[in-house]
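# Examining the three-dimensional arrangement
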Amino acid sequence: MHRAHESPGAGPAPSVNGSPGAAPDPHPGPGALPSPEPAPRPLPAPAPDSPPASVPASAAATRVLVVDDDPTVAEVVSGYLERAGYLVDRAADGAVALARAAAHRPDLVVLDLMLPGIDGLEVCRRLRAQGPVPVIMLTARGDEDDRILGLEVGADDYVTKPFSPRELVLRVESVLRRTRPVPAARPLRAAGLAVDPSARRATKNGTELALTLREFDLLAFFLKHPGRAYAREDLMREVWGWDFGDLSTVTVHVRRLRGKVEDDPARPRLIQTVWGVGYRFDDTEATAGQTGPTGAARSAGREQPVTEKETGA
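Remember, it's a predicted structure, so these values are computed and weren't measured experimentally.

## A closer look at the layout of surface pockets
Of the pockets and cavities examined, the largest pocket occupies roughly 520 Å³. If you go around the largest pocket, you meet 25 residues; those closest to its centre are R128, P132, L211, T212 and L213. A breakdown of the residues in the lining of the largest pocket according to their chemical character gives 11 nonpolar, four polar and 10 charged.

In structure tokens:
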């Protein structure tokens, strides 16, 4: 029930009699009868089975598994997600997380990397082996290697500790939005690749590709915009929906995507590195024998995949 805002220390709002804005006389004359209290106005009943107004419709009946051995973190994250309208399961270690996921398949997993027993990376691998599920990794600030490993095993996003619970809820909503089919979206085809955004299905020469959420979105974006070079900042904004963030996220996803769509990932033909700019999707044969700075950049990108060298930025 929505209540009118009351200033701190203020008493209850005065009753209103007569015309709007007319207040009762604080000093009635002798013999005057006090004004009767108005009957409370009934509020309309909420529609049955409808989530609160502050809850996004996409959150209704969406199950999120929160995996963290820190009870304080788990409690705070779970509380914010529940207030946002999500159904939340909790697990304090990897073994329990896998059991919970097997019993009730989550729509998304918030997964801490540092877990007792089975660590977060192995949990992510096993969850992926059971079927596609979006994963948001929780990592300690500054642990860049852990973030990279998380992305390498298929995490769709990551949040560094300490973090804002509200930001995490927004990340959850963003990832879940991208998992939902796009109605009546036009299939995309180029260079033996086919992407169906509505079915969230991608194939290469008729063979289905096992892509993560972000890899799928990245490939679909490249196929929509062939021949145009994009900086990593542009890709992060257009594909991830972020105006800021660690650009190594883009670099790692491009490398993983090359490993799945290129005939020879060591000499990529489709996803070209544009020296000093970023990446370009090229479905022609004309670029197959390119050498020079672009090839050197690709080599640097393989040895140091998350540095600025690959794009020359």
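Back to the text.
## Here we look at the pairing of strand β3 (residues 108–112)
Most of β3 sits inside the fold, with five of its five residues counted as buried. Neither face of β3 is open: one carries L108, V110 and D112, the other V109 and L111, and all of them are buried. Direction of pairing for strand β1 (residues 63–67) relative to β3: parallel, over a ladder of four bridges. Bridge pairing in β3 links V64 to L108. Looking at chain direction, β3 and strand β4 (residues 135–140) are connected through four bridges and run parallel. Its bridge partner lying in β4, V109 is registered against V135. Crossover handedness for the path β3 to helix α3 (residues 120–130) to β4: right-handed.

## Thoughts on the packing of aromatic side chains
The tally for this structure, following the rule as stated, stands at two aromatic pairs. Here the aromatic rings of F221 and Y230 are separated by 4.9 Å at their centres, their planes lie at 65°, and the arrangement is edge-to-face. As far as the burial class goes, F221 and Y230 line up, both buried. Arranged with centres 6.4 Å apart and planes meeting at 20°, the rings of F222 and F281 form a pair that is stacked.

## Concerning the side chain of S174
Take S174: it is sitting in helix α5 (residues 165–179). We classify S174 as buried; its relative accessible area is 12%. Once residues lying within four places of it in the same chain are set aside, the contact partners of S174 are R214 and W240.

## With respect to the pattern of salt bridges
The final tally for this structure, using the stated rule, is 15 salt bridges. The closest approach of N and O atoms between E122 and R125, which form a salt bridge, is 3.3 Å. With E122 and R125 both in helix α3 and three residues apart, this pair spans about one turn of that helix. The class of E122 is partly exposed, set by a relative accessible area of 27%. Here R125 falls in the partly exposed class, since its relative accessible area comes to 42%. Of the charged contacts in the structure, one is a salt bridge between D157 and R171, with a shortest N-O distance of 3.1 Å. Note that D157 is positioned in strand β5 (residues 157–161) and R171 in helix α5, a separation of 14 residues in sequence. R171 gets classed as buried once you look at its relative accessible area, which sits at 12%. Counted as one network, the salt bridges with shared partners bring together D68, D112 and K161.

About the thresholds
Residues numbered from 1 in each chain as written. Predicted model: local features only at pLDDT ≥ 70, side-chain atom pairs only at ≥ 80, totals over all residues. Heavy atoms only, no water. 1 Å grid on protein atoms, 1.4 Å probe; cavity = no way out; pocket = protein on both sides within 12 Å on 5 of 7 lines; lining within 4 Å. Points joined across faces, edges and corners; volume = space filled by probe spheres on them. Nonpolar A, V, L, I, M, F, W, Y, C, P; charged D, E, K, R; others polar. Buried < 20%, exposed > 50% of the residue type's maximum accessible area, 1.4 Å probe, protein only. Helix = DSSP H or I, 4+ residues; strand = E, 2+ residues; numbered from the N terminus. Pairing = 2+ DSSP bridges. Right-handed = clockwise from strand over helix to strand, strands pointing away. Phe/Tyr/Trp six-rings, centres within 6.5 Å; stacked < 30°, edge-to-face > 60°. Contact = heavy atoms within 4.5 Å. Salt bridge = Lys/Arg side-chain N within 4 Å of Asp/Glu carboxyl O.

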